[in-house]
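# Architecture at a glance
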Amino acid sequence: MRIIVGAVIIFVGIICAVNFLLPEPEGFPILEYHQVTDELLDPDFEMYNVPPAEFAAQLDYLQSEGYTTITLQDFMRVVHGKGELPEKPIVLTFDDGYKDNYCTMLPILEAHKMTAVIYVITNELGKENYLKLDELKDLQRRGIEIGSHTADHLPLTSYDEDFQRRQIRESKIFLEWSGLKTIYSLSYPNGAFNSDIEKILREEEYLTAVTGEAGLNTIETNPYELYRVNIRKPRFGLTEFKFRLWKANFFAKVRNLL
Ligand SMILES: [Zn+2]
């Protein structure tokens, strides 16, 4: 027991020393959410459900800290020399395309005059608990960016190139042919990506892709390997949310070292 306590103290000490010694990194965070709901769903996924009251408190906090939400299309316009980023940008992303993103999350987001990016699994659209096409169109009308989370949410690195391309291409084409505006961004299912998949994304005219790796993003970051920090159902309220933001910052510091 004593050895474990000692090891934990040394580990925390090293983290604090590294955090204190390294210079503040440049860049903005991208947050990875899933559901915003009070409902108790499948216990395996419960950790991904942020209660609406907690979500509202998180947005209040971001506002009080001077953050401005942008979409990834806004970001890419700046990368291509059109316009400038706000002073403290942040991107809120929502994976899987759950219905509560429209019914519960959107009203809270709009009350804060914020925007977001929602990544949908196209073969789940319209099923119970998932968004419908009409809702996606309305979300786009309200300034929310819609991205692809592929057709079937399978980890792409486990499949051959043909299959990867179909998952990437068909989800984009399906959305666009269903009347949505052009889809430019992808979220890798299970955060699984590699340089071959990035090549397919370029060929299929995606401009950005988000991973599950913690860090911060600048216009120098590979736009197909954008860093994100996962926001789970908090056990310690806003303190835990602040810790997640700190984690993104800390990982960016360490990455700058490498
Ligand atoms: Zn997912």
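Refer to the structure printed above.
Here we summarise the structure given alongside this text.

Definitions and cut-offs
Residues numbered from 1 in each chain as written. Predicted model: local features only at pLDDT ≥ 70, side-chain atom pairs only at ≥ 80, totals over all residues. Helix = DSSP H or I, 4+ residues; strand = E, 2+ residues; numbered from the N terminus. Rg over C-alpha atoms; globule rule 2.2 N^0.38 Å. Contact = placed C-beta atoms within 7 Å. Axes fitted to C-alpha atoms, helices over the stretch in contact; angles between N-to-C directions. Parallel < 35°, antiparallel > 145°, perpendicular 65-115°, else oblique. Left-handed = near helix turned anticlockwise from the far one by under 90°. Nonpolar A, V, L, I, M, F, W, Y, C, P; charged D, E, K, R; others polar. Buried ≥ 20, exposed ≤ 12 C-beta atoms within 10 Å, placed from the backbone. Expected span 1.5 Å × (residues − 1). Arc of directions from axis to C-beta. Pairing = 2+ DSSP bridges. Right-handed = clockwise from strand over helix to strand, strands pointing away.

## Looking at the overall build of the protein
Across its full length, the protein carries eight helices and ten strands. Relative to the compact-globule value of 18 Å for 258 residues, the protein shows a C-alpha radius of gyration of 19 Å, a close match. When contacts within the protein are restricted to residue pairs at least 6 apart in sequence, long-range pairs at least 24 apart make up 66% of them.

## A word on unusual backbone geometry
A positive phi angle is found at Lys113, which is not glycine, with a value near 55°. The topology assignment puts Lys113 in the loop between helix H4 (100-111) and strand E6 (117-120). The phi dihedral of Asn129 falls on the positive side, at around 80°, and the residue is not glycine. Position of Asn129 relative to the elements: it lies in the loop between E6 and helix H5 (133-141).

## Description of the packing of helix H2 (residues 52-64) against helix H8 (residues 237-257)
Relative to each other, H2 and H8 sit at 55°, their axes nearing to 10 Å. Taken together, H2 and H8 sit at an angle that is classed as oblique. Viewed along their axes, H2 and H8 form a crossing whose handedness is right-handed. On H8, the residues touching Glu54, Ala57, Gln58 and Tyr61 of H2 are Gly237, Leu238 and Phe241. Of the residues that constitute the contact of H2 with H8, the class distribution is four nonpolar, two polar and one charged.

## A look at the environment of Pro89
Secondary-structure assignment places Pro89 in strand E5 (residues 89-96). According to the C-beta neighbour criterion, Pro89 is partly exposed, with 19 such atoms within 10 Å. Residues Pro89 and Val12 lie 77 residues apart in sequence; the distance between their C-alpha atoms is 29 Å. The contact partners of Pro89, leaving out residues within four places of it in the chain, are Phe28, Thr68 and Ile70.

## Structural notes on H4
Relative to the 16 Å expected for twelve residues at 1.5 Å per residue, H4 spans 16 Å between its end C-alpha atoms, a close match to the ideal helical length. Along H4, the residues classified as buried are Asp100, Asn101, Tyr102, Met105 and Leu109. One side of H4 holds all its buried residues, which, seen down the axis, span an arc of 150°. Facing away from the buried side of H4 by more than 90 degrees, the exposed set consists of Pro107 and Ala111. For H4, the elements touching its buried residues are strand E2 (35-36), H2, E5, E6 and H5.

## A closer look at the packing of H2 against H4
Running from N to C, H2 and H4 cross one another at 25°; their axes reach a closest spacing of 10 Å. In terms of orientation, H2 and H4 fall into the roughly parallel class. H2 and H4 meet at a crossing whose hand is right-handed. Of the residues in H4, those touching H2 at Pro52, Phe55, Ala56 and Leu59 are Thr104, Met105 and Ile108.

## Description of the pairing of E6
Going residue by residue along E6, you find Val117 and Tyr119 tucked away on one face and Ile118 and Val120 tucked away on the opposite face as well. As defined by bridge partners, E5 adjoins E6 across four bridges and the pair is classed as parallel. Looking at E6, one finds that Asp95 is bridged to Tyr119. Handedness of the crossover joining E5 and E6 through H4 is recorded here as right-handed. For the segment spanning E6, H5 and strand E7 (residues 145-148), crossover handedness is right-handed.

## Re helix H6 (residues 161-177)
The terminal C-alpha atoms of H6 lie 23 Å apart, and with 17 residues this matches the ideal 24 Å at 1.5 Å per residue to within 8%. Just downstream of H6 lies Gly179, where phi reads positive at about 105°.

## So, the pairing of strand E1 (residues 30-33)
Side-chain alternation along E1 places Ile30 and Glu32 on one buried face and Leu31 and Tyr33 on a second face that is also buried. Note: E1 against E5, four bridges, orientation parallel. Counterpart to Tyr33 in the pairing with E5 is Phe94. Inspection of the sheet shows E1 paired to strand E10 (residues 229-230) by two bridges, in the parallel sense. Across the sheet, the residue bridging to Leu31 is Val229, located in E10.

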